[in-house]
Amino acid sequence: MFGTAVDSDKYFLFYRSIRYRIFYTLAEFIIFLLIVWNAIFYIDKILSLREAFCLEKYLITGIFVVNIWKNIGGGFMRLIVDKKDLSEVLRLVAGVLPARSIHPILANVLITANDGSLRVLCTDQDMTLEGRVEASIEEEGSIGVPARKMADLLKTLDDGQILLSTNDSRLQISQGKGNFHIAGVRAEDFPSVDIVGNIIDTFAIDRSVLNRMINLTSFAVSRDIARINFSGLFFKISENLLSMVGTDGQRLVLIRRVTETRNNPCEMLIPARTLEQ
């Protein structure tokens, strides 16, 4: 009975998503025709071009229509995802969000639907966390929404499939007969982050060993973020040895461990808050 209820709910969401998609497609087409009609009329009137086929008129009209279409369309992201999986990933990545920030947009989570999964990303511009959830994607897209508000809303929903869709800068979350809207921001306005970047080298070490090294050294670093050189842990990677140093200028802790792979020598300073997260 439980499996049947879940399947029926999924089919209901799928049916409704198709129905809404047909409605939005028709609405988009009607708006597009109105834009083209008005654009041709006014541009023709302004330029006083009465020839039946005037290249300049239709070129300007095309540019005008494309720009308006991009602004009003923004694409409709549409997907079905498991509520429990999304809540868990959101809980994990939201841990990086700053309690207070001079940039209000950093309170948002960036949601991106592509490649058959839903990407969830939060950043404070010093540290970035990303998670992915399997999803049934009908339309790819992305949007930024307040992370806390979305997490609180997901807590009120039942376990099972939910439908996520966007209309310009608004996210709609649907389950059963309930529809909830969250005002968001365009993905283009979200800070640009590259969580992977260009990978130069890698090394392997047991996770428990690395956690113990961090715990034994992080207490010695300064908690004053203005003292950048003392607020992080210094990593030195040699051929098969990892050294970690923490200091606040008055005390110093050094610990070394053998790594599981042979490495290219490198050095780096990583904020302690990033490692403790």
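Check the entry above for the structure.
Throughout, a residue's number is its position along its own chain's written sequence, starting from 1. Owing to the predicted nature of the model, reporting of local features is limited to residues with pLDDT of at least 70; listing and counting of side-chain atom pairs is limited to 80 or more, with chain, interface and lining totals taken over all residues. Values shown for side chains rest on all heavy atoms present in the structure; no hydrogens or waters enter the calculation.

Novice: Just give me the short version of the overall build of the protein chain, but keep the residues and values in it.
Specialist: Helical segments are the DSSP runs of H or I of at least four residues, strand segments are the runs of E of at least two, and each set is numbered from the N terminus. When helices and strands are tallied, the protein chain shows six helices and 12 strands. Partly exposed describes any residue whose relative accessible area lies between the buried limit of under 20% and the exposed limit of over 50%, with all areas from a 1.4 Å probe on protein chains only and scaled to the type maximum. The buried share of the protein chain, reckoned over its 277 residues, is 36%. Working rule for contacts: check all heavy atoms of both residues, and any pair within 4.5 Å makes them a contact. Partitioning the intrachain contacts of the protein chain with sequence separation of at least 6 by distance along the chain shows that 65% fall at a separation of at least 24. Accessible area of the protein chain: about 17300 Å², with a carbon and sulfur share of 58%. Here, Shrake-Rupley sampling with a 1.4 Å probe gives the accessible areas, and only protein chains in the shown set may cover a residue.

Novice: Give a description of the sheet that holds strand β2 (residues 108–114) that names residues and reports values.
Specialist: Strands are labelled as partners when DSSP assigns at least two bridges between them. Read from one edge of the open sheet, eight strands run β5-β2-β3-β4-β1-β6-β7-β8, paired in antiparallel fashion. Of all the strands in the sheet, the pair left with one neighbour each is β5 (141–146) and β8 (178–183). Each adjacent strand pair in this sheet contributes to an overall mean axis angle of 30°, direction not counted. Examined bridge by bridge, strand β6 (residues 161–167) and strand β7 (residues 170–175) share five bridges and lie antiparallel to one another. Within β7, the position partnered with Thr166 by the bridge is Leu171. Here helix α4 (residues 147–155) sits on the sheet and contacts β2, β5, β6, β7 and β8; the angle it forms with β5, its principal contact strand, is near 90°. Here, axes are lines fitted to C-alpha atoms. For helices the fit covers the stretch in contact, and angles between N-to-C directions go from 0 to 180 degrees.

Novice: Now, about the pattern of salt bridges: what can you tell me, with residues and values included?
Specialist: Just to be clear on terms, a salt bridge is a Lys or Arg side-chain nitrogen sitting within 4 Å of an Asp or Glu carboxyl oxygen. A complete count under the given rule lists six salt bridges for this structure. In this structure, Asp159 engages Lys83 in a salt bridge whose closest nitrogen and oxygen atoms are separated by 3.4 Å. Taken together, the residues span a long stretch of sequence, with Asp159 in the loop between α4 and β6 and Lys83 in helix α3 (residues 83–93) at a distance of 76 residues. According to the relative accessible area criterion, Asp159 is exposed, its value standing at 56%. Residue Lys83 is classed as buried on the basis of its relative accessible area of 9%. Residue Glu130 pairs with Arg132 through a salt bridge whose shortest N-O separation is 3.8 Å. One network of salt bridges, with partners in common, ties together Arg119, Glu130 and Arg132.

Novice: I'd like a rundown of the nonpolar core, residues and numbers included.
Specialist: Residues enter a nonpolar core if they are buried and are Ala, Val, Leu, Ile, Met, Phe, Trp, Tyr or Cys, with the set joined through side-chain atoms within 4.5 Å. Core analysis: the biggest nonpolar cluster contains 31 residues, and Leu86, Val109, Leu118, Met150, Leu164, Leu171 and Ile173 have the highest contact counts within it. Discounting residues that sit within four places of it in the chain, Leu164 has contacts with Met77, Arg78, Leu79, Val81, Leu86, Leu118, Leu171, Gln172 and Ile173. The next biggest cluster of nonpolar side chains, apart from the first, holds 12 residues, and it includes Ile214, Phe235, Leu242 and Ile255.

Novice: Explain a nonpolar patch on the surface residue by residue, including any values.
Specialist: Nonpolar side chains (Val, Leu, Ile, Met, Phe, Trp, Tyr) within 5 Å and like charges within 9 Å form the patches, drawn only from residues with over 30% relative accessible area and no salt bridge. Together, Phe29, Phe32 and Leu33 make up a nonpolar patch on the protein surface, roughly 290 Å² of accessible area in all. Structurally, Phe32 can be placed in helix α1 (residues 2–47). Residue Phe32 is classed as partly exposed on the basis of its relative accessible area, which comes to 31%.

Novice: Please give an account of the environment of Lys236 that cites residues and values.
Specialist: By the element assignment, Lys236 lies in strand β9 (residues 232–237). The sequence separation of Lys236 and Met268 amounts to 32 residues, and the corresponding C-alpha distance is 6.7 Å. Aside from chain neighbours lying at most four places away, what touches Lys236 is Leu241, Leu242, Ser243, Cys266 and Glu267.

Novice: Explain the pairing of β7 residue by residue, including any values.
Specialist: Burial analysis of β7 places five of its six residues in the buried class, which makes it a mostly covered element. What sits between the antiparallel neighbours β6 and β7 is a turn of two residues, in which Asp168 has the positive phi angle 60°. Across six bridges, β7 lies against β8 in antiparallel orientation. Residue pairing in the sheet places Gln175 in a bridge with Gly178 of β8. Hairpin connection of β7 to β8: two residues between the antiparallel strands, including Gly176 at a positive phi of 60°.

Novice: So, the sheet that holds strand β10 (residues 241–247): which residues are in play, and what are the values?
Specialist: Spatial strand order, β11-β10-β9-β12: four strands in an open sheet with antiparallel pairing. Only two strands of the sheet have a single partner each, and these edge strands are β11 (252–258) and β12 (266–271). Mean inter-strand twist for the sheet, computed between neighbouring axes without regard to direction, equals 20°.

Novice: Please provide a residue-by-residue account of unusual backbone geometry, values included.
Specialist: In the Ramachandran plot, Asp115 falls in the positive-phi region, its phi being about 55° despite a non-glycine side chain. One can find Asp115 in the loop between β2 and β3 (117–123). What makes Asp115 exposed here is its relative accessible area of 68%.

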